[in-house]
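Observations on the three-dimensional arrangement
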Amino acid sequence: MNSAFDDLFAANDAYAADFRLSGLAPVAARGLAVVTCMDSRIEPLQALGLQPGDAKILRNAGARVTDDTLRTLVLAVYLLEVDRVLVMPHTRCKMASVSGDDEVHEAIEGRFGVDTRSLEFHTDNDQVGALRHDLERIRHHPLLPRALPVAGAVYDVDTGRVEPQDA
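Residues numbered from 1 in each chain as written. Predicted model: local features only at pLDDT ≥ 70, side-chain atom pairs only at ≥ 80, totals over all residues. Heavy atoms only, no water.

The following threshold applies: UniProt positions are given in the numbering used here, feature names are shortened, and annotations may be inferred rather than shown by experiment.
Named according to an unreviewed UniProt entry, the protein is carbonic anhydrase originating from Streptomonospora halophila. Database annotation for the protein, UniProt heading Catalytic activity (unreviewed entry): "hydrogencarbonate + H(+) = CO2 + H2O". Its UniProt record gives the protein a comment under Function (unreviewed entry), which states: "Catalyzes the reversible hydration of carbon dioxide to form bicarbonate."

What follows is the structure, encoded as C-alpha cells:
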C-alpha cells in the first residue's frame, strides 16, 4: 500500500462503516446530467438541492463540453435516463482566467519542464461565450435528441448562488 494515500483509505473505513447509499439505482432519478468543473469548491448536489442518485455529475477542468463529455452524455441519455442537461461553470475558474491554452502550456513547461502541447485544455477567458458554445455543441450533437432540454448557469464560488445564463 502507498503511504501517500493511507489517510484516504482510513477515512474510507469510517465512511463505509456508516454507508447508506447501498441500493441506489444507476439511473439519474431526476433525469439530470450536470457538467461542471473539477474544482472542489463546487458541491453540485447540494448547490442544486439534489440527493445522491438524482443526477449524473460530469466534471472536468473548466466545465467544458469536450468530445468525452458528449460521449458520456450520449450514454447518460440512452442508458441512464438523463432527459435534461445543465452546464455549470463557476466564478474564479483558473481555466477562464488565462488568455488561452498557450499560456497554460508555457506555464507548465516553464515551471515543471513538461511539454503539454499534445493536450487541448479548452481554456477561454470569455466564460459566457464558452458556455454558449458548449450548449450549442450539446444541442446540435447528431446522437442526442433534438428536444433535449439544455441550460447553462454559472456557480458563484463565493456565495453558492447559481445564476442561469441566457445562452
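What to know about the nonpolar core
Quick reminder of the rule: The definition of a nonpolar core used throughout is a set of buried Ala, Val, Leu, Ile, Met, Phe, Trp, Tyr and Cys residues joined through side-chain atoms within 4.5 Å. Per-residue accessibility, obtained with a 1.4 Å probe over protein chains only, is compared with the maximum for each type, and a residue is labelled buried under 20%, exposed over 50%, and partly exposed between these values. Numbering of helices and strands runs from the N terminus; a helix is a DSSP stretch of H or I covering at least four residues, while a strand is a stretch of E covering at least two. Throughout, a contact is declared for two residues whenever any of their heavy atoms are within 4.5 Å.
Residues Leu-73, Val-82, Val-85, Val-87, Ile-138, Leu-144 and Leu-148 are the most contacted members of the largest nonpolar core, which totals 19 residues. Those elements giving two or more residues to this core turn out to be strand E1 (32–37), helix H3 (67–79), strand E3 (84–88) and helix H5 (127–139). Among the elements that take part in this core, H3 stands out by supplying 5 residues, more than any other. For Val-85, the residues in contact, after removing those within four places along its chain, are Ala-33, Val-35, Leu-73, Ile-138, Leu-148, Pro-149, Val-150 and Ala-151.

Let's talk about the packing of aromatic side chains
Each aromatic ring pair is characterised by the separation of its centres together with the angle its planes make. In plain terms, the rule: Only Phe, Tyr and Trp rings are paired, with Trp represented by its six-membered ring, and only when their centres lie within 6.5 Å; those with planes under 30 degrees apart are stacked, over 60 edge-to-face, the remainder tilted.
Scanning the model with the defined rule gives 1 aromatic pair in all. Considering the side-chain rings of Tyr-15 and Phe-19, the 5.5 Å spacing of their centres and the 65° angle between planes classify their relative orientation as edge-to-face. Tyr-15 sits in the partly exposed class, given a relative accessible area of 47%. On the accessibility criterion, Phe-19 (42% relative accessible area) is partly exposed.

Concerning the pairing of strand E4 (residues 150–155)
Worth spelling out the cut-off: Strands pair, by our definition, only if DSSP identifies at least two bridges between them.
In terms of burial, E4 is a largely internal element, 5 of the 6 residues being buried. The pairing of E3 with E4 spans 3 bridges and is classified as parallel. Each residue of the ladder has a partner; that of Val-87, found in E4, is Gly-152. Pairing analysis gives 4 bridges linking E4 to strand E5 (residues 162–165), with the strands arranged antiparallel. From the neighbouring strand, Ala-153 faces E5, where its bridge partner is Pro-164. The loop that links E4 with its antiparallel partner E5 comprises 6 residues; one of these, Gly-160, has a positive phi angle of about 80°.

Quick look at the side chain of Asp-54
Summarising the element assignment, Asp-54 is placed in the loop between helix H2 (44–47) and strand E2 (55–60). On the basis of relative accessibility, which here comes to 11%, the residue Asp-54 falls in the buried class.

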